[in-house]
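For reference, the chains in residue letters:
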Amino acid sequence: MKLEINGEAKSAMLKYCISIGLTLVFGCILITAQGEKPLRAMGYILQGSFGSVMNIGNTIRWIISSLLVGAAATIAFKSGVANMGIEGQIYIGALSAAVIGYSIELPPGLHAIACLLVASIMGMLYALIPALLRLYFKINELITTLVLNFIAKDLTEYITMWVIMGGQQAANGSASIATPRILKSAQLPIIIKSTTANIGIFIALAVLLIVAFFYKYTLEGYELTQIGQNMNFARMGGVNITRSFLMAFLISGFISGLCGGIEITGAYYRFTSSFSNNLGWDGIMIARVSNNNPIAVIFVSIIWGGLKQGAMNMERMTSLNRLIVIIIQMLFVLFVSIDYDSIINKWKSKMELKKPDYNGGMNI
Amino acid sequence: MMTMLGILFGSVTWSATFRLSTPIILTSVGGSFNKHTGVFCIAFECFMLSAAFFAAWGSYLTGSPYMGTLFAILAGLLLAAIFGMFVLNFKANPMIVSIAMNFGAWAVTTLLLTEIFGVRGYFHSPKIVNFSPIDIPVLREIPYINEVLNNQIILVYIAYISVVVGTIIMYKTPFGLRLRTIGINEIGAQTAGVNILKYKWIGLAIMGIMSGLGGAYLPLSGLSMFSENMSSGRGFLAFAAILVSKGNPVKAALISILFAYTNALTFTLTSYGIPSQLLQMFPFIAVIIVLMIGNLRNLSLTPVIEASE
């Protein structure tokens, strides 16, 4: 048993080392091709993300959302739910938080909690739609959640523009479609002055730790993991699959909605149409890069948040576009997804007849 | 009432439907071949967006929409090859590769937009030469049909021809039979002597070429422009069409036409004061309704989960 764990850890280590190495090589090539020095660019990224207290504060603001979407995706994928709709659930949650935030007057503290709670519940309800479609119609949730993302985006924009703003701001571009600013009492307290680092970071960390604890030490968590690994096996083992599947889906939606709520109450203070910038996809990638391990999500989120903040500094200080950082991130995701073990094993058994394993691409 | 009928069945709406279905049909027919080889792929957004960019660029450079389309096809092929390399050779998870590629394509095309044309958001230029409409003399005499089918660009006709050709290849040739066998039973196909890896690569290549064509339609259909995130969900619509039709090109085309129809209604209905955001939701709601109707026979009042197919 112990040897096996060591072997796994070793191959995981190898995987990350090779992918980081490959990403650095390709990243350097990309940056050099743009006529900049890679080390200089990296220096600016580091300076921009962790260089000063203010920069760290702004980085924390991005880490919060990365942590939460990472947690939402981890729960879904660890339990065999292909929830691609995190983006849509974030939108629904964010809009509800904004509406509660500006329209109702409540004492400070309570107001923020109410916002977050409503946001989470709305996100959960939005996740209920694909879950029910899967349960009753057996429609693969992969496609419904994908499509519901687009619907959520348009629906929130519609509600903001035609219900909240009364259809006033026509033809002004989507940037001007926004709800009124939320009240002071609904805003999350800031932890570092003159930045948007808010106490959401503690909520996010708590969520991740709870998730980690849940999967490691509780029976339900174990059952969910089993479903994610082999649904039929779990069924034979007497797990109530329907209940567990629904639970995983709803928790995932709940956390996505919470993420949307924290984005609004902690950073934006108002709902703007198409504000999220593919946050939901980030979550899926963070979860995959960290191999669905909640603790690893924390580290990956720090990198993700740092890159997001640092990229802006890099763009200011050099001639590079900040999109280059996104491209490098994508390269990293691609390289991490490679199954190095099987490639190495293939090399090892090259003495044998060339008989590749044709299963590639079958398992989602 | 008459105006409503005019909107629903008018030649304007159906002409737009005929036109707008092109990119989705092309992509979904190509993806059907890939679907039958059992390679999971949702990177159509990536293929279409990149192809759209290269079509615009190629047309800008050479002044010929045909060269632009060639650029687009090559881009589609190259990206399909990258996808295949990761999924088939490196055994990467196809879903995560697709997501990374979709996202990466957005970043790369937006970056190239600023690097090559020096603009943000969108690039419009008369130098991006469009396809010119083709006038078919035979159709000129028939009143309604003429307005719907005539004077479309060549890619529209290619799309509908590809449905027929794709169906014949898939269901009437030994090649198609072998291709479908892989999807039904991979080990069985291997035992029967089919070179599985070869067929998977062929499926990917067809997907790349067709998505390239589909992407080329976007900038060269009369817009003369490329804008950031131009494919805007069409790749996912194509994926939905493939999934619902289970890889049958004719069914996939019909579903694509439905999506295009809901999309075409958007153009006519916006002038009646219906919010555009609601209209933009139509195709996506149509996806869910189609899925529900398609899965009606699976309906069970006691919820049961089965391992996904």
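In the nomenclature of an unreviewed UniProt entry, chain B is known as Nucleoside ABC transporter membrane protein of Lutispora thermophila DSM 19022. Per its UniProt entry, chain B bears the Subcellular location (unreviewed entry) comment "Cell membrane".

As named in an unreviewed UniProt entry, chain A is Nucleoside ABC transporter membrane protein, taken from Lutispora thermophila DSM 19022. According to the UniProt record, the Subcellular location (unreviewed entry) comment for chain A is "Cell membrane".

Within chain B, the regular secondary structure consists of 13 helices and 2 strands. A globule of 309 residues ought to have a C-alpha radius of gyration of about 19 Å, and chain B, at 20 Å, matches this closely. Over its C-alpha atoms, taken along the principal directions, chain B stretches across nearly 55 × 50 × 40 Å. Relative to its 309 residues, chain B shows a buried fraction of 57%. The contacts of chain B with a sequence gap of at least 6 include a subset with a gap of at least 24, amounting to 76%. In the form shown here, chain B has an accessible surface area of approximately 12600 Å², with 70% of it arising from carbon and sulfur atoms. Put simply, chain B has 15 plus and 9 minus side-chain charges, and the middle of one group is 9 Å from the middle of the other.

The next thing to look at is the UniProt feature "transmembrane region" (unreviewed entry) in chain A. All names here are of chain A. As annotated by UniProt and renumbered to match this structure, "transmembrane region" (unreviewed entry) occupies residues 12-33, 59-77, 84-104, 110-133, 190-215, 245-269, 289-307 and 319-340. Helix makes up 100% of residues 12-33 and strand 0%, and the two end C-alpha atoms of the span are 31 Å apart. Annotation note: span residues 59-77, helix share 100%, strand share 0%, distance between end C-alpha atoms 26 Å.

The subject of this paragraph is a nonpolar patch on the surface. All names here are of chain A. A cluster of nonpolar side chains, namely Leu46, Phe50, Ile56, Leu209, Ile295, Phe299 and Ile302, defines an oily patch on the protein surface of about 630 Å² accessible area. When residues of the nonpolar patch are traced back to their parent elements, those giving at least two are α2 (38-50) and α12 (294-317). Considering every element that reaches the nonpolar patch, the biggest residue donor is α12, with 3 residues. Residue position: phenylalanine 50 is located in helix α2. With a relative accessible area of 39%, phenylalanine 50 lands in the partly exposed category.

Taken together, the contact pairs 64 residues of chain B with 63 residues of chain A. With both sides pooled, the region where chain B packs onto chain A buries about 6000 Å², and carbon together with sulfur makes up 72% of that total. Across the chain B-chain A interface, the total number found is 0 salt bridges. Linking chain B with chain A are 3 residue pairs in polar contact (both at pLDDT 80 or more). Elements with a minimum of two residues in the side of chain B that touches chain A: α4 (65-89), α5 (94-117), α9 (186-191), α10 (196-220), α11 (234-245) and α13 (276-294) of chain B. The element best represented in the side of chain B that touches chain A is α5(B), accounting for 16 residues. Residue composition of the side of chain B that touches chain A, by class: 42 nonpolar, 15 polar and 7 charged.

Right, let's get into the UniProt feature "transmembrane region" (unreviewed entry) in chain B. All names here are of chain B. As annotated in UniProt, the feature "transmembrane region" (unreviewed entry) corresponds to residues 37-57, 69-90, 96-117, 153-171, 201-220 and 278-296 in the numbering used here. Helix makes up 95% of residues 69-90 and strand 0%. Its end C-alpha atoms lie 30 Å apart. The distance from the first to the last C-alpha atom of residues 278-296 is 26 Å, and the span holds 89% helix and 0% strand.

All names here are of chain A. Between its first and last C-alpha atoms α2 spans 18 Å; for 13 residues at 1.5 Å apiece the expected length is 18 Å, and the two agree. Where α2 is concerned, the buried positions are Pro38, Ala41, Tyr44, Ile45, Gly48 and Ser49. What you see down the axis of α2 is that its buried residues fit within an arc of 130 degrees, all on one side. With respect to the buried face of α2, the exposed residues turned more than 90 degrees away are Leu39 and Leu46.

Glancing now at the side chain of Glu223(A). Residues and elements named next belong to chain A. Locating glutamate 223 in the fold gives a position in helix α8 (residues 219-229). Here glutamate 223 is buried and forms no salt bridge, its nearest opposite-charge partner arginine 243 lying at an N-O distance of 4.8 Å. With residues up to four places along the chain from it excluded, the contact list for glutamate 223 reads Val239 and Ser244.

Per the counting criterion, the structure on display carries 29 aromatic pairs over all chains. Among the aromatic residues, those joined into a cluster by ring pairs are Phe53(B), Phe54(B), Trp57(B), Tyr60(B), Phe117(B), Phe123(B) and Phe226(B). One residue, Arg61(A), lies across the ring of Tyr268(A), its end atom 5.2 Å from the ring centre. In this structure, Arg288(A) is placed above the aromatic ring of Phe77(A), and the distance from its NZ or CZ to the ring centre is 4.9 Å.

Right, let's get into a positive patch on the surface. All names here are of chain B. Side chains of Lys35, Lys246, Lys251 and Arg297 sit close together on the surface and give a patch of like positive charge. Inspection of the secondary structure puts lysine 251 in helix α12 (residues 249-270). What makes lysine 251 partly exposed here is its relative accessible area of 48%.

Attention now goes to the side chain of Ser19(A). Within the fold, Ser19(A) resides in helix α1 (residues 2-33). Apart from residues no more than four positions distant in its own chain, Ser19(A) is found in contact with Phe332(A), Phe335(A), Val336(A) and Tyr340(A).

Turning our eyes to something else, we now look at the nonpolar core. Residues Met84(A), Phe47(B) and Phe83(B) are the most contacted members of the largest nonpolar core, which totals 191 residues. Dropping the residues within four chain positions of it, Phe83(B) is found in contact with Val39(B), Phe40(B), Cys41(B), Ala43(B), Phe47(B), Pro94(B), Val97(B), Ser98(B), Met101(B) and Leu204(B). Among the nonpolar cores identified, the runner-up in size contains 5 residues, and Ile7(B), Tyr261(B), Leu269(B) and Leu279(B) belong to it.

So, on to the packing of α8(A) against helix α10 (residues 241-268) of chain A. Residue and element names in this part refer to chain A. Where α8 contacts α10, the two axes come as close as 10 Å, and the packing angle between them is 95 degrees. Considering the angle they form, α8 stands roughly perpendicular to α10. Taking contact as the criterion, the partners of Glu220, Glu223, Leu224 and Ile227 in α8 are, on α10, Ile241, Arg243, Ser244, Met247 and Ala248. Class assignment of the residues belonging to the contact of α8 with α10 gives a composition of 5 nonpolar, 1 polar and 3 charged.

Cut-offs and rules
- Residues numbered from 1 in each chain as written.
- Chains lettered and ligands numbered in written order.
- Predicted model: local features only at pLDDT ≥ 70, side-chain atom pairs only at ≥ 80, totals over all residues.
- Heavy atoms only, no water.
- UniProt positions renumbered as here; feature names shortened; annotations may be inferred.
- Helix = DSSP H or I, 4+ residues; strand = E, 2+ residues; numbered from the N terminus.
- Rg over C-alpha atoms; globule rule 2.2 N^0.38 Å.
- Buried < 20%, exposed > 50% of the residue type's maximum accessible area, 1.4 Å probe, protein only.
- Contact = heavy atoms within 4.5 Å.
- Areas by Shrake-Rupley, 256 points an atom, 1.4 Å probe, with all protein chains shown as cover.
- Lys, Arg positive; Asp, Glu negative; His and termini not counted.
- Charge placed at Lys NZ, Arg CZ, Asp CG, Glu CD.
- Patch = residues over 30% accessible without salt bridge, like charges linked within 9 Å, V, L, I, M, F, W, Y side chains within 5 Å.
- Salt bridge = Lys/Arg side-chain N within 4 Å of Asp/Glu carboxyl O.
- Buried area = accessible area lost by both parts, 1.4 Å probe.
- Polar contact = N/O pair within 3.5 Å; in protein donor to acceptor, adjacent residues only side chain to side chain.
- Nonpolar A, V, L, I, M, F, W, Y, C, P; charged D, E, K, R; others polar.
- Expected span 1.5 Å × (residues − 1).
- Arc of directions from axis to C-beta.
- Phe/Tyr/Trp six-rings, centres within 6.5 Å; stacked < 30°, edge-to-face > 60°.
- Lys NZ or Arg CZ within 6 Å of the ring centre and 35° of its normal.
- Core = buried A, V, L, I, M, F, W, Y, C linked by side-chain atoms within 4.5 Å.
- Axes fitted to C-alpha atoms, helices over the stretch in contact; angles between N-to-C directions.
- Parallel < 35°, antiparallel > 145°, perpendicular 65-115°, else oblique.

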